[in-house]
Amino acid sequence: MTLRLLTLSLLIFYPIAWFAPLMRAGLLPMFGLSEISVITGLQSLWGSDVFLALTVTGFAIFAPYLKTIGLALVQWELLDPRALSVLHVLGKLAMADIFLLALYITLAKGIGYATIEVAWGLYLFTACIVISLILSLLTERSRCRTD
């Protein structure tokens, strides 16, 4: 039951993480910093690069949320446990955006003209994805014991 409740709680925490500030960024420290969230980042991408916006939307929004919904359905025995292999692929796609975000932060810090501060939303978003991965592994393990 705990596994199920933790999985369902992710359905609440993901949207919070999407709107939470991932980082504060600005051009040189003297100009002030603006907060960037998953949603504000996607909004700016839609205006400049639709293909990249679609890709990031898939990785940051749809992949982790669909994986969590699928995991909950498996845990409540509303979806066949064989779907766990597909859910693992969705989980890997969700981890890709964390890697890209870390890469962008590293590159921006290396330029020297930009100031970037990591905000609490990045930790929340990362925690949601890592917890989802752990819950997926625990669900698979519990399914193996019952079979």
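For the structure given in this document, a descriptive report is provided here. (Residues numbered from 1 in each chain as written. Predicted model: local features only at pLDDT ≥ 70, side-chain atom pairs only at ≥ 80, totals over all residues. Heavy atoms only, no water.)

### Observations regarding unusual backbone geometry
Glycine aside, the phi torsion of most residues is negative, and most peptide linkages are trans. For the record, the criterion: Numbering of helices and strands starts at the N terminus; helices are DSSP runs of H or I of at least 4 residues and strands are runs of E of at least 2. Burial here depends on accessible area, computed with a 1.4 Å probe over protein chains only, as a share of the maximum for the residue type. Under 20% is buried, over 50% is exposed, and the range in between is partly exposed.
Even without a glycine there, the phi angle at glutamate 77 is positive, about 60 degrees. Note that glutamate 77 resides in the loop between α3 (50–75) and α4 (84–111). Overall, the relative accessible area of 59% leaves glutamate 77 in the exposed class.

### Quick word on helix α1 (residues 2–19)
This is how the line gets drawn: One fewer than the residue count of a helix, multiplied by 1.5 Å, yields its expected span. We define the bend at any residue as the angle between the axes fitted to the seven residues before and including it, ending there, and the seven starting there. What makes two residues a contact is simply this: any of their non-hydrogen atoms within 4.5 Å.
For α1, spanning 18 residues, the distance from its first C-alpha to its last is 26 Å, which sits close to the expected 26 Å at 1.5 Å a residue. Along its length, α1 shows its largest kink, about 30 degrees, at isoleucine 12, and proline proline 15 lies within four residues downstream of that point. Along α1, the residues that are buried comprise Thr7, Leu10, Tyr14, Ala17 and Trp18. Looking at the packing, one finds that the buried side of α1 touches α2 (38–48), α3 and α5 (120–146).

### Quick word on the packing of aromatic side chains
This is how it is decided: Here the aromatic set is Phe, Tyr and Trp, taking the six-membered ring for Trp, and pairing holds for ring centres within 6.5 Å; pairs whose planes are under 30 degrees apart are stacked, those over 60 apart are edge-to-face, and all others are tilted. Criterion for a charge above a ring: Lys NZ or Arg CZ within 6 Å of the ring centre, and within 35 degrees of the ring normal.
Enumeration according to the criterion identifies 3 aromatic pairs in this entry. Look at tyrosine 14 and tryptophan 18: their rings are 6.2 Å apart centre to centre, the planes differ by 25 degrees, and that puts the pair in the stacked class. Placement of the pair is tyrosine 14 and tryptophan 18 together in helix α1, with a separation of 4 residues, close to one helical turn. The exposure classification of tyrosine 14 matches that of tryptophan 18, with both residues buried. With a relative accessible area of 9%, tryptophan 18 lands in the buried category. Grouping aromatic residues by their ring pairs yields a cluster made of Tyr14, Trp18 and Tyr65. Of note, arginine 4 hangs over the ring of tryptophan 76, and the distance from its end group to the ring centre comes to 4.4 Å.

### Remarks on the side chain of serine 37
Locating serine 37 in the fold gives a position in the loop between β2 (34–36) and α2. Its relative accessible area of 6% is what places serine 37 among the buried residues. Once you skip the residues sitting within four places of it in the chain, serine 37 turns out to touch Trp18, Phe19, Ala20, Pro21 and Leu22.

### Comments concerning the packing of α1 against α3
Definition in use: To get an axis, a line is fitted to the C-alpha atoms, and for a helix only the part in contact is used. The angle between two axes follows their N-to-C directions and goes from 0 to 180 degrees. Throughout this description, any angle smaller than 35 degrees is read as roughly parallel, any larger than 145 degrees as roughly antiparallel, any in the 65 to 115 degree range as roughly perpendicular, and the remainder as oblique. A clockwise turn of the near helix away from the far one marks a right-handed crossing, whereas an anticlockwise turn of less than a right angle marks a left-handed crossing. Classification convention: Asp, Glu, Lys, Arg as charged; Ala, Val, Leu, Ile, Met, Phe, Trp, Tyr, Cys, Pro as nonpolar; all other residues, Gly among them, as polar.
Running from N to C, α1 and α3 cross one another at 165 degrees; their axes reach a closest spacing of 9 Å. Here α3 runs roughly antiparallel to α1, going by the angle between their axes. For the element pair α1 and α3, the recorded crossing hand is left-handed. Counted together, Leu3, Arg4, Thr7, Leu8, Leu10, Leu11, Tyr14, Pro15 and Trp18 of α1 and Ala60, Ile61, Pro64, Tyr65, Thr68, Ile69, Leu71, Ala72 and Gln75 of α3 form the full contact between these two elements. Residue composition of the contact of α1 with α3, grouped by class: 14 nonpolar, 3 polar and 1 charged.

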